[in-house]
Amino acid sequence: MIFVTGGAGFIGSNFVVDWLHREGAAIDEPVLVLDALTYAGNLANLASVRAHPGLQFARQDICDSAAVLALLRRHRPRAVVHFAAESHVDRSILGPGEFVRTNIEGTFSLLEAARAYHGERTGSERDAFRFLHVSTDEVYGSLEEHEPAFTETTRYAPNSPYAASKAASDHLVRAYFHTYGLPVVTTNCSNNYGPFQFPEKLIPLMIANALQGRSLPVYGDGQNVRDWLYVGDHCRGIRRVLEAGRPGETYNIGGRNEVRNIDVVRRICAMLDELRPDGGGSYARHITYIKDRPGHDRRYAIDCTKIERELGWKPAESFETGLRKTIAWYLDHADWVAEVTSGKYRAWVALQYGDAASAFQG
Ligand code: NAD
Ligand code: TYD
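Residues numbered from 1 in each chain as written. Chains lettered and ligands numbered in written order. Predicted model: local features only at pLDDT ≥ 70, side-chain atom pairs only at ≥ 80, totals over all residues. Heavy atoms only, no water.

Caption draft 1: Spatial organisation of the packing of aromatic side chains. Taken as a whole, this structure holds 18 aromatic pairs when the rule is applied. These aromatic residues form a ring-pair network of at least three members: Y140, F150, Y156 and Y300. Lying over the aromatic face of W19, R22 brings its terminal NZ or CZ to 3.8 Å of the ring centre. Across the ring face of Y39, the terminal group of R91 is positioned such that the distance to the ring centre comes to 3.7 Å. (Phe/Tyr/Trp six-rings, centres within 6.5 Å; stacked < 30°, edge-to-face > 60°. Lys NZ or Arg CZ within 6 Å of the ring centre and 35° of its normal.)

This is the structure we're talking about:
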């Protein structure tokens, strides 16, 4: 068995579904999803595998080390794949406390449980165990236009409370390898997009707002650059690192696909114009520049040479193909969007976008 923390969130649920459906999947190796089901965790994300005999679920806060250790002892997994986190930069600016709790204290609690569990194993079971920590490129800070992309040896320089909390968790994971010999591997990935992403993040927010005729809020001058990777490619990279990554190593995962925010939004509008014309002219008419995010990182870019060379991983989707799939998925899943954008979500939009919120709330 493997454990997947945060498996009801965006990337975690994609990982679990892909894991259970992957070629050669062993039906006798189930997945136990541990998830606290915060606003970002949704069991509907796992609906396609709900009846799969390989799926088990525990509603579990990772901060409860004793409960996690009891689950580890009971199920004896060969790996923990750790996605659970608070993941949205804007939320971390308005309320950093939850980020410190889940991302730092939660990762610490999980590491403590994994250390105790690993210490009790012997022989091949002990040798085979892996703790895979899923992290982000945001720990490296911001790049100027002319600077080379982040490598695994780029100095950490996190700028948001989210990035700082992830950086702290990466350091703890590293320390558990060096100090206690816990067999960890860390992945640092660029911005993901794809099905089941909560519509607070750029791409799903723009799709959802456009379809409802609402404003498309672009922060600052819209020239910030992100390196976009389709979620399925990220999940394949994680599987490859789990299979062949060297303990104690970190692997950058990215799409070699840098795009300015305004160009992301324009491409979404152009695809929607083609796939779901609304009769009122291009969706681009809804683009609105709004006040910038405080401390907004200018550019992220990942150099993924190491994982390509060592593990033979490469992204399969281009931005064009990945975005088309993503938009098609959101067009087909209006019910999912309606369900997750409930009352609590609207309160968040009012807090985050202030006066501009009326444009979101219709
Ligand atoms: P998400 O916010 O969609 O999902 C997070 C999941 O963690 C949710 O299911 C939530 O219920 C769960 N969770 C939160 N607090 C918990 C707790 N205390 N105990 C147990 N479960 C808890 O996040 P995501 O976008 O899927 O990101 C997953 C991981 O990947 C995160 O660690 C994030 O830092 C990392 N990452 C994300 C991106 C991206 O673009 N989204 C890029 C690189 C790395
Ligand atoms: P986001 O999806 O929040 O990811 P991150 O901040 O982790 O990179 O944002 C991606 C980019 O889009 C980032 O530069 C901020 C910008 N952005 C907007 O311009 N408007 C928005 O409403 C949101 C949510 C993000």
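On we go.
Caption draft 2: Examining the site of ligand 2 more closely. Around ligand 2, 19 residues are found, and the nearest of them are E138, R226, R293, H296 and Y353. Taking L202, its main chain carries an N or O atom lying 2.9 Å from an oxygen atom of ligand 2. Between R226 and ligand 2, the recorded distance is 2.7 Å, taken from a side-chain N or O atom to an oxygen atom. The protein chains hide 98% of the 510 Å² of surface that ligand 2 would expose on its own. When residues of the shell around ligand 2 are traced back to their parent elements, those giving at least two are helix 3 (89-94), helix 7 (202-211) and strand 8 (216-219). Broken down by element, the shell around ligand 2 gets its largest block of residues, 3 residues, from strand 8. Partitioned by chemical class, the residues of the shell around ligand 2 number 8 nonpolar, 5 polar and 6 charged. (Near = heavy atom within 4 Å. Polar contact = N/O pair within 3.5 Å; in protein donor to acceptor, adjacent residues only side chain to side chain. Areas by Shrake-Rupley, 256 points an atom, 1.4 Å probe, with all protein chains shown as cover. Helix = DSSP H or I, 4+ residues; strand = E, 2+ residues; numbered from the N terminus. Nonpolar A, V, L, I, M, F, W, Y, C, P; charged D, E, K, R; others polar.)

Caption draft 3: The site of ligand 1, seen in detail. Among the 29 residues in the neighbourhood of ligand 1, the closest are listed as I11, D35, S87, Y162 and K166. F10 is positioned such that a nitrogen or oxygen atom in its backbone is 3.0 Å from an oxygen atom of ligand 1. Measuring from an oxygen atom of ligand 1, one finds a side-chain N or O atom of S87 at 2.6 Å. Notes on ligand 1: free accessible area 840 Å², of which the protein chains cover 97%. Broken down by secondary-structure element, the contributors of at least two residues to the shell around ligand 1 are helix 1 (10-21), helix 4 (97-120), strand 5 (130-136) and helix 6 (161-180). Top contributing element to the shell around ligand 1 by residue count: strand 5, with 3 residues. Grouping the constituent residues of the shell around ligand 1 by class yields 13 nonpolar, 12 polar and 4 charged.

Caption draft 4: Quick look at the nonpolar core. Counting residues in each nonpolar core, the largest one holds 71 residues, and the members touching the most others are F15, V81, I203 and I268. When sequence neighbours within four positions are dropped, the list of residues in contact with I268 reads I203, M206, I207, L323 and I327. Listed in part, the 23 residues of the second largest apolar core include A58, L69, Y117 and F131. (Core = buried A, V, L, I, M, F, W, Y, C linked by side-chain atoms within 4.5 Å. Buried < 20%, exposed > 50% of the residue type's maximum accessible area, 1.4 Å probe, protein only. Contact = heavy atoms within 4.5 Å.)

Caption draft 5: Summary view of the environment of N159. Assignment of secondary structure puts N159 in the loop between strand 5 and helix 6. Owing to a relative accessible area of 46%, N159 belongs among the partly exposed residues under this scheme. Placed 79 residues apart in sequence, N159 and V80 show a C-alpha to C-alpha distance of 28 Å. When residues no more than four places from it in sequence are discounted, the contact partners of N159 are G141, S142 and D297. Engagement of the side chain of N159 in a polar contact is seen with the side chain of D297, the distance being 2.7 Å.

Caption draft 6: A look at the side chain of N257. Tracing the chain through its elements places N257 in the loop between strand 11 (250-253) and strand 12 (258-260). Classification of N257 as buried rests on a relative accessible area of 17%. Not counting residues within four places of it along the chain, the set of residues in contact with N257 comprises R226, D227, W228 and F319.

Caption draft 7: Representation of the pairing of strand 1 (residues 2-5) in the model. Where burial is concerned, the two faces of strand 1 agree: the one with I2 and V4 and the one with F3 and T5 are both buried. In the sheet, strand 1 pairs with strand 2 (residues 31-35) via 4 bridges, with the strands oriented parallel. By the bridge assignment, F3 is partnered in strand 2 with L32. The pairing of strand 1 with strand 4 (residues 79-82) spans 4 bridges and is parallel. (Pairing = 2+ DSSP bridges.)

Caption draft 8: Up close: helix 11 (residues 319-332). Given a rise of 1.5 Å per residue, 14 residues ought to cover 20 Å, and the 20 Å separating the end C-alpha atoms of helix 11 matches this to within 8%. Taken residue by residue, helix 11 has F319, G322, L323, T326, I327, W329, Y330 and L331 as its buried positions. Residues of helix 11 that are buried in the fold lie against strand 7 (192-193), helix 7, strand 10 (229-230), strand 12, helix 9 (261-275) and helix 12 (334-340). (Expected span 1.5 Å × (residues − 1).)

Caption draft 9: Up close: the side chain of S92. Structurally, S92 is set in helix 3. Among the polar contacts made by the side chain of S92, one reaches the main-chain carbonyl oxygen of V89 at a distance of 2.8 Å. Setting aside residues no more than four positions away along its own chain, S92 makes contact with F99, S160, P161 and Y162.

Caption draft 10: Spatial organisation of the pairing of strand 6 (residues 184-189). With 6 of 6 residues buried, strand 6 is to be regarded as a mostly interior element. Side-chain alternation along strand 6 places V184, T186 and N188 on one buried face and V185, T187 and C189 on a second face that is also buried. Inspection of the sheet shows strand 5 paired to strand 6 by 6 bridges, in the parallel sense. Bridge pairing links L132 to V185 in strand 6. Each parallel crossover has a hand, and the one from strand 5 via helix 6 to strand 6 is right-handed. In terms of strand pairing, strand 6 meets strand 11 through 4 bridges, oriented parallel. Of the residues in strand 11, the one forming a bridge with T186 is T250. (Right-handed = clockwise from strand over helix to strand, strands pointing away.)

Read these as layout, nothing more, since geometry by itself doesn't imply function.
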